[in-house]
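# Structural features, examined
Letter by letter, the chains look like this.
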Amino acid sequence: MSQPLLLGAVAYDPKVVTIWDGFQRWFAQRGLPFDYVLYTNYERQVAQHAARAIDVAWNSPLAWLQAEAIAAPRGLQARALAMRDTDQDLTTVTLVRAAAPYRSLADLRGATIGVGASDSPQATLLPLLHLAEAGVAPERDCQVRRFDVLVGKHGDHIGGEREAARALLNGTVDAACVLDANSLLFARDGTLPAGSVRVLATTPTFDHCNFTWLGTGTPPARVQRFTELLLSMSYDDPEVRPLLDLEGLRAWRPGRTSGYAALARACARFGALQPFLQQMAAS
Amino acid sequence: MSEAARRLDLAELGFDAGAHVLVRHALAALPEGAVLHLHGHHPDLEVHARAFARQLGHAGRTPESAERFAAATVPSGAPLRHLLQRGPATDARRATAERALGAAPDRVHEAPPAHWGLAARGALVEAGAPRFDFALRDKSVVWGDDLAAMYAAGAAAQWDPATAIAWHGKAPAPELEVALVAVLTYLIENETAALLVPARFCAQVHPHFREVLQLLALQAADEARHIEVFMRRAHLHRTDLGLSTAGGQASLHTLVVEPDFAAASFLLSVLGEGSFVHLLGFLHQHAPDDCTRQIMKLAAVDEARHVAFGMAHLRWQAAREPSLLGRLATAIERRHSALQHTAGLNDEVFDALVVLAAGGLAPAAIARGFAAVQQLQAQMDAGRRVRLQQLGFAAEQATALSALHTRNFM
């Protein structure tokens, strides 16, 4: 039997087993041998990708930057094969209580900002960059309260954002940073009652996860087939629709890396890549 | 497509308070690619609309200044805030969905597919739902005439033990109370079997046959109530219950483990509960107090409904499956063989029935009571024979089969 295309993914939720098992069946029916390995955190996944233990990685945006950073010294090139339509052009909102006096990010000087997990691009790194670029340096001009739920999963688990939202309501923090879609979700599920909060600021748009290939492992033709099959998945297909629903997308889009510039700036500003790169250098 | 249909005035409503409902409605009325102009006053409308659109596969953008300026006026006076372009995925669930026939009882599928699952009859069922492998999925083996009316009558006849029965009253003479408690102990375990059997099959019936499910559930609920009132009456004046015999439980065991729906309905409803209607009538007639009399009357009415459902279902099946009567006859014979070495109705219950019908322990009264119990058994037998013939058994065969029915009555 030929070696399957081996995907790495992070187990941020039990549903990922259902998702990748379903994709495995779907790919097999179309003649693509496919298997997957689950990691507990993105750092291990990226390290294993560089070590050629997997062919393709389903990477968070921070993991993409980590992969890109360690690829070059190894003579490799990271490529984004595909991404979810719902991962393009995201924004993060900085919420404040409806009656709060703040009118702009600059007003948050001296305030306490609730963010998600420390390694969450959308709920921590990007909104803190937005704040910093508005002239309010995190930790110096304002306090940052991190709701570190499941560090290593790069904010895929929304628990940190939810805790930040709750902290905003109960007055523990003065502002909370959550993904725009999560602010809708929190309104819908009652975490944020209607009219209780308002959007103070919105980050520029950014992109989220992608399938990353370092040009190693399985033959390029198989990677190409994998990408073609992903892009051919249709929400009209009742077999694949539940999987797309679980993974939270309507269609796969060709990968692009233009939406990671802000995160790269945030990483540079906050040194977010350093611990991982130092760890890799030491290993 | 009118211009008005392309505009949605959300006024003060935001996505934090349900704006998505109106947006969905408006988008559903538009063809793919059409643009919906969102007007509203809510300060966070743009950012929320953008997130909403992205999640559902719609495109969206903030209007240009010129577009804002040229926008039509809406009733609330709200400005144009966002342009939503309807994506392709809105109708995907419906496009491949199929209608699970109709809601009315005459729109029932002969063999509903497993993937219709729990969907209401008449619902539009999205493709890709999991298979529910209900064992009883053929109309021919579960259905019957007038089930909807039967369920409606059963639902309307539900009664509240707390108010329907006068629980306060003088205790009967000790010998009558002891006899009654012995009978109630027997009734409780029989009603427990009569609860378990429909409950077990209820979980096996394809929910497309909604009325069957409802009738079985109602039957189980009736028995739950009977267990409650029998238990409460038994404890009204005494602490201890009577004897539960091995023979009695052996008889009920054969009923509870019967795997075939038709055979179980036959043994339980047509033969067992049919006999119980007579027994409860007997106890109503010879009850030592008003409380017991009320209980037996109400329980008998419920049991009669269960018999009617069993008969309706088996008549339906017999008309479609010529071999059914043979299978049912075999079921009685098999059960008879299994029970032939057991004691049947326990002496304590038989004697208790005699004492209750006698109304005391005087010899002459006991003779009357004994005769009444003999008459009860004859009535039970006659009732069984009538129902067997109604199902299509010849008179002679009905007589033979009735004689094989368990001596434990149920």
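All values derive from a computational prediction rather than experimental measurement.

## Concerning the overall build of chain B
Within chain B, the secondary structure is distributed over 16 helices and six strands. A principal-axis box enclosing the C-alpha atoms of chain B has dimensions of 110 × 55 × 30 Å. Counting only residues that meet the buried cut, chain B has 43% of its 410 residues in that class. Put simply, of all contacts in chain B between residues at least 6 apart along the chain, 76% involve residues at least 24 apart.

## So, the environment of A:Thr94
Residues and elements named next belong to chain A. Looking at the secondary structure, you find Thr-94 in strand 6 (residues 92–97). What makes Thr-94 buried here is the crowd of 25 C-beta atoms within 10 Å. C-alpha separation for the pair Thr-94 and Arg-79, spaced 15 residues apart in sequence, amounts to 31 Å. The contacts of Thr-94, once residues within four sequence positions are left out, are Leu-105, Pro-127, Ala-175, Cys-177, Leu-200 and Ala-201.

## A short note on the interface of chain A and chain B
Between chain A and chain B, the contact holds 23 residues from the first and 20 residues from the second. If you list the elements that add at least two residues to the side of chain A that touches chain B, you get helix 6 (180–188), strand 10 (197–202) and helix 8 (241–247) of chain A. For the side of chain A that touches chain B, the element with the most residues is helix 6 of chain A, which contributes four residues. Of the residues in the side of chain A that touches chain B, the class split is 11 nonpolar, four polar and eight charged.

## Things to note about the sheet that holds strand 1 (residues 5–10) of chain A
Pairing between sheet strands relies on hydrogen bonds along the backbone, with the strands arranged either parallel or antiparallel. Residue and element names in this part refer to chain A. Spatially, five strands are ordered 2-1-3-11-4 in an open sheet, and the strand pairing comes out mixed. Each end of this open sheet is capped by a strand with a single partner; those strands are strand 2 (34–39) and strand 4 (79–80). The pairing of strand 1 with strand 3 (residues 56–59) spans two bridges and is classified as parallel. The residue of strand 3 that forms the bridge with Leu-7 is Val-56. Most of the contacts of helix 1 (residues 15–29) go to strand 2, to which it runs at about 165°, and overall it touches strand 1 and strand 2. Contacts from helix 3 (residues 61–71) reach strand 3, strand 4 and strand 11 (210–213) within the one sheet, and its direction differs from that of strand 3 by about 140°.

## A word on the sheet that holds strand 8 (residues 143–146) of chain A
Residues and elements named next belong to chain A. A sheet is described by the order of its strands in space; here five strands give the open sequence 8-7-9-6-10, paired in mixed fashion. At either margin of the open sheet sits one strand with a lone partner, and together these are strand 8 and strand 10. When strand polarity is set aside, the average angle formed by the axes of neighbouring strands in this sheet is 30°.

## Points about the nonpolar core
By size, the foremost hydrophobic cluster in this structure holds 107 residues, and its most contacted members are A:Val178 and A:Leu263. Apart from the residues within four sequence positions on either side, A:Leu263 is in contact with A:Pro61, A:Leu62, A:Leu65, A:Pro121, A:Leu125, A:Leu126 and A:Phe206. Formed by 76 residues, the second largest nonpolar core is a distinct cluster that contains B:Val142, B:Leu147, B:Leu180 and B:Leu268.

## A look at the environment of B:Gly242
Residue and element names in this part refer to chain B. Relative to the helices and strands, Gly-242 is located in the loop between helix 9 (210–234) and helix 10 (246–256). As for Gly-242 and Leu-267, which are separated by 25 residues in sequence, their C-alpha atoms are 26 Å apart. Look past the residues within four positions of Gly-242 in its chain and what remains in contact with it is Val-181, Ala-182, Thr-185 and Glu-348.

## Side note on the domain arrangement of chain A
Residue and element names in this part refer to chain A. Examined at the domain level, chain A breaks down into domain 1 (5–87 + 208–282) and domain 2 (92–202). For domain 1 versus domain 2, the distance between C-alpha centres works out to 27 Å. Of the residues lining the interface, 20 residues belong to domain 1; the matching set on domain 2 comes to 14 residues. Of all the secondary structure elements, the ones that give two or more residues to the side of domain 1 that touches domain 2 are helix 2 (42–50), helix 3 and helix 9 (261–270). Here the side of domain 1 that touches domain 2 gets seven residues from one element, more than from any other, and that element is helix 9. Classifying every residue of the side of domain 1 that touches domain 2 by side-chain character gives 12 nonpolar, four polar and four charged.

Analysis parameters
- Residues numbered from 1 in each chain as written.
- Chains lettered and ligands numbered in written order.
- Predicted model: local features only at pLDDT ≥ 70, side-chain atom pairs only at ≥ 80, totals over all residues.
- Helix = DSSP H or I, 4+ residues; strand = E, 2+ residues; numbered from the N terminus.
- Buried ≥ 20, exposed ≤ 12 C-beta atoms within 10 Å, placed from the backbone.
- Contact = placed C-beta atoms within 7 Å.
- Nonpolar A, V, L, I, M, F, W, Y, C, P; charged D, E, K, R; others polar.
- Pairing = 2+ DSSP bridges.
- Axes fitted to C-alpha atoms, helices over the stretch in contact; angles between N-to-C directions.
- Core = buried A, V, L, I, M, F, W, Y, C linked by C-beta atoms within 7 Å.
- Domains from an automatic or database assignment.

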